Amino acid sequence: MNSARQTTLRQEQSEFSAARAAEKAACEKQNAAATLTVASHALDAADCAFLLQMLGLDTPPEDK
């Protein structure tokens, strides 16, 4: 494989990694917003935990 092709592959891998990182950050932001929305509409803590579990979202850590 010539060096031009190796450089192109590295660049493509770097771009793909950047796109994956951006997608992960966007997904985390969206999940945080969804968690806040669920929490604001839940009847109580148990209801909130149930709804979050049903939606596949993590329960936010409790404040200490």
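Just above, that's the structure.
Before going into details, it helps to say that this report is about the structure given with it. Within every chain, residues take consecutive numbers counted from 1 along the sequence as written. With pLDDT at 70 or above as the cut-off, local features in this predicted model cover only qualifying residues; side-chain atom pairs require 80 or more to be listed or tallied, and sums for whole chains, interfaces and linings still use all residues. To obtain the side-chain values, all non-hydrogen atoms of the structure were included, while hydrogens and water were left out.

Things to note about the overall build of the chain
Applied cut-off: Going along the chain from the N terminus, every DSSP run of H or I of four or more residues is numbered as a helix, and every run of E of two or more is numbered as a strand. Partly exposed residues are those whose accessible area sits between 20% and 50% of the maximum for their type, while under 20% is buried and over 50% is exposed, using a 1.4 Å probe and protein chains only. Here the open area of atoms and residues is found with the Shrake-Rupley method and a 1.4 Å probe, where only the protein chains shown may cover a residue.
The number of helices and strands found in the chain is two helices and zero strands. Put simply, the chain has 64 residues, and 9% of those count as buried. Accessible area of the chain: about 5,600 Å², with a carbon and sulfur share of 57%.

Some details on a nonpolar patch on the surface
What counts is decided by this rule: What makes a patch is a set of residues exposed beyond 30% relative accessible area and free of salt bridges, joined within 9 Å when like-charged and within 5 Å when nonpolar (Val, Leu, Ile, Met, Phe, Trp, Tyr). By convention in these notes, a salt bridge is any Lys or Arg side-chain nitrogen within 4 Å of a carboxyl oxygen on Asp or Glu.
Taken together, the side chains of F50, M54 and L55 define a hydrophobic patch exposed on the protein surface, amounting to about 340 Å² of accessible area. One can find M54 in helix α2 (residues 45-55).

All we've got here are geometric facts, nothing functional implied.
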